[in-house]
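Listed below, chain by chain, are the residues.
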Amino acid sequence: MARPMAATTRRARQGATLTLLFGVVLISGAAAGAWGGEPAPVRRLPSTEALAATSDVSALSPQQAERLVASGGDRWAAYYSPQDYAEFAQGLDGEYLGVGLVVEQGQDGGTVVSEVPPGPAAAAGVAVGDVLLAVDGAAVEGLPVTEVVARLRGHTDVPSPQSATAGPGSPVVLTLQRRGGAPHQVTLRRTVLATQDVSADHPAADVLRITVRAFTSGVGEEVREAVRRSPARAVELDLRGNSGGLVEEAVAVASVFLDGGPVASYLSNGERRELSAAPGGDTRTPLVVLVDGGTMSAAELLTGALQDRCRAVVVGARTFGKGTVQQPSRLADGSVLELTVGRYFTPAGRSPDGSGLLPDVPVADPAEAGALALRVLSGLGDGAPGPR
């Protein structure tokens, strides 16, 4: 399923990993004494073959930066236009520009509306199960879901008057078809919406399930509030498909379940630096963490911390395996180039980069993961191992 934060096909490769989380938060944040914010130009990045000719990355032209990314020497290198970067930063703030639709590819290859959160689409009567046939008159049949979402947001490789003026209040015409009905059009106006990256429910009596889709601004507090409000005696933290986000938010979530201590470490200019949980977290409530091959970056950092500290039992499949640190540099035209500068490590010194993290309890059939997590929780009880 495509989350509303997706933008363009190109950014689906770059932004799905949310590499900004280590660039802005770990490198620029550590240097400035603050988390998040704008990336500062960096004078000396670790050398790579492609950068041998220059010691000042911020002096590169956009064309040079794009060629560097395309060279393939750095798997996680990314180039953002000023507009893309602003949109990316907005996404990390927990917002996105759109019409309030989540779409997925149907069994027949069509684009089907899977969720309609509050927003312009819901107000216009768009419903789950509607088939999206066209955006601004251009058919979407056969397009990747990421490209469909890009068009909904006004970003497309095919220039049009609509895409040229995309922004809050800009119109987008959708052609939809409800089962058994005729195609019809509806005109919506884009607006800034919340990403809704945290949800909570109760899959069983006394069990609180918290699903975190990405670590955007405020997620840590939302998780803390969900735990505080629930009378449940066990917690299931679902990080499946979580593509990462802001490291400060992953640490904040770790702080909900740990009483201080290490969460992760990373290298900066040859010096190892520690990220630690805040004191006072809940260390007694049985906890299971659900992961899969889509669990990436900051989600792996959090998983590794809870696993190494013996605070949670990890259930699911091997995680994605992105444990690298990216550093962003602002170019002269306002665009941003990100390059890999190092790796992060779990409290036990493991790096998930390239190999991922193995669950404590592997699941052969993904459809059975939720049921297995409940069985694991039922076996933990008050005898769950405490954190180290």
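Fair warning: this is a prediction, and the values are worked out from it, not measured in the lab.

(A) Just the overall build of the protein chain, in detail. Scanning the protein chain from terminus to terminus reveals eleven helices and 19 strands. Sequence separation of at least 24 residues holds for 68% of the intrachain contacts in the protein chain that already meet a minimum separation of 6. Carbon together with sulfur atoms contributes 51% to the accessible area of the protein chain, which is approximately 16600 Å² in total.

(B) Quick look at the environment of Ala232. For Ala232, the location among the structural elements is in the loop between α8 (219-229) and β12 (234-238). Once residues within four sequence positions are removed from consideration, Ala232 is found in contact with His202, Asp206, Val207 and Leu208.

(C) Spatial organisation of the nonpolar core. In terms of nonpolar packing, the biggest core is built from 40 residues, with Ile210, Val212, Phe215, Val223, Leu237, Phe257 and Leu306 touching the most fellow members. When contributions to this core are tallied by element, the ones reaching two or more residues are β11 (207-212), α8, β12, α9 (247-257), β13 (262-268), β15 (287-291), α10 (298-308) and β18 (336-345). Tallying contributions element by element places α9 first for this core, with seven residues. Judged by nonpolar contacts, the second largest core, of 18 residues, contains Leu101, Val148, Leu152 and Val186.

(D) Examining unusual backbone geometry more closely. Of note in the backbone geometry, Asp136 takes a positive phi value of approximately 55° without being a glycine. Along the chain, Asp136 falls in the loop between β5 (131-135) and β6 (138-139). The phi dihedral of Asp206 is positive, around 65°, even though this residue is not glycine. When you line up the elements, Asp206 lands in the loop between β10 (198-204) and β11. Overall, Asp206 belongs to the partly exposed group, its relative accessible area being 42%.

(E) Main features of α8. Every buried residue belonging to α8 is among Val219, Gly220, Val223, Ala226 and Val227, and all of these are buried. Buried positions in α8, seen along its axis, are confined to an arc of 125° and lie on one side of it. Turned more than 90 degrees away from the buried face of α8 sit Arg228 and Arg229, all of them exposed. In this fold, the buried residues of α8 make contact with β10, β11 and α9.

(F) Structural view of the pairing of strand β3 (residues 102-105). Bridge analysis of β3 against strand β4 (residues 111-115) gives four bridges, and the strand direction is antiparallel. Its bridge partner being in β4, Val103 is matched across the sheet by Val113. Linking β3 back to β4 in an antiparallel pair, the connection comprises five residues, with Gly109 at a positive phi of about 90°.

(G) Broad picture of the pattern of salt bridges. Tallied over the full model, the rule gives eight salt bridges. The partner of Glu225 in a salt bridge is Arg229, with the nearest N and O atoms 3.9 Å apart. Taken together, the residues Glu225 and Arg229, both in helix α8 and four residues apart, mark about one turn of the helix. On the basis of relative accessible area, Glu225 is assigned to the partly exposed category, the value being 22%. Residue Arg229 is classed as exposed on the basis of its relative accessible area of 57%. Measuring nitrogen to oxygen at the nearest pair gives 2.5 Å for the salt bridge that ties Arg350 to Asp308. Of the two residues, Arg350 is situated in the loop between β18 and β19 (361-362) and Asp308 in helix α10; the sequence distance between them amounts to 42 residues. Taken together, the salt bridges that share partners define one network made up of Asp201, Arg209 and Glu236.

(H) Fine view of the packing of aromatic side chains. Across all of its chains, the model carries two aromatic pairs by this definition. Taking 5.9 Å as the distance between ring centres and 75° as the angle between the ring planes, the aromatic pair formed by Tyr80 and Tyr85 counts as edge-to-face. Here Tyr80 and Tyr85 have matching classes, each one buried. The ring of Phe345 is capped by Arg272, whose NZ or CZ atom sits 4.8 Å from the centre of that ring.

(I) Expanded view of the sheet that holds β12. Taken together, six strands build an open sheet; the order of strands is β10-β11-β12-β15-β16-β19 and the sheet is mixed. The open sheet terminates on both sides in strands that have one partner only, identified here as β10 and β19. For β10 and β11, the ladder comprises five bridges, and the chain directions are antiparallel. Among the inter-strand pairings, Ala204 is bridged to a residue of β11, identified as Val207. Sheet strands in contact with helix α11 (residues 369-380) are β10, β11, β12, β15, β16 (313-316) and β19, and its direction is about 160° off that of β15.

(J) Representation of the packing of α8 against α9 within the structure. Across the interface, α8 lies against α9 with an axial gap of 7 Å and an inter-helix angle of 20°. Classed by the angle they form, the pair α8 and α9 counts as roughly parallel. As for how α8 packs across α9, the hand of that crossing is right-handed. Contacts between α8 and α9 involve Val219, Gly220, Val223, Arg224 and Val227 from the former and Glu249, Ala252, Val253, Ser255, Val256 and Phe257 from the latter.

(K) The environment of Ala299, seen in detail. Following the sequence through the fold, Ala299 ends up in helix α10. Separated by 58 residues in the primary sequence, Ala299 and Gly241 have C-alpha atoms spaced 9.2 Å apart.

(L) Representation of the confidence of the model for the protein chain within the structure. Here the protein chain averages 80 in pLDDT, and 80% of its residues register 70 or above. Ranking the elements of the protein chain by mean pLDDT puts helix α2 (residues 20-32) last, at 29, and β16 first, at 98. In this model, residues 1-55 is a region of pLDDT below 50 whose contacts with residues beyond four sequence positions or in other chains number 163 contacts. Residue range residues 383-388 is modelled with pLDDT below 50. Its contacts to residues more than four positions away, or to other chains, number 13 contacts.

What counts as what
- Residues numbered from 1 in each chain as written.
- Predicted model: local features only at pLDDT ≥ 70, side-chain atom pairs only at ≥ 80, totals over all residues.
- Heavy atoms only, no water.
- Helix = DSSP H or I, 4+ residues; strand = E, 2+ residues; numbered from the N terminus.
- Contact = heavy atoms within 4.5 Å.
- Areas by Shrake-Rupley, 256 points an atom, 1.4 Å probe, with all protein chains shown as cover.
- Core = buried A, V, L, I, M, F, W, Y, C linked by side-chain atoms within 4.5 Å.
- Buried < 20%, exposed > 50% of the residue type's maximum accessible area, 1.4 Å probe, protein only.
- Arc of directions from axis to C-beta.
- Pairing = 2+ DSSP bridges.
- Salt bridge = Lys/Arg side-chain N within 4 Å of Asp/Glu carboxyl O.
- Phe/Tyr/Trp six-rings, centres within 6.5 Å; stacked < 30°, edge-to-face > 60°.
- Lys NZ or Arg CZ within 6 Å of the ring centre and 35° of its normal.
- Axes fitted to C-alpha atoms, helices over the stretch in contact; angles between N-to-C directions.
- Parallel < 35°, antiparallel > 145°, perpendicular 65-115°, else oblique.
- Left-handed = near helix turned anticlockwise from the far one by under 90°.
- pLDDT = per-residue confidence, 0-100.

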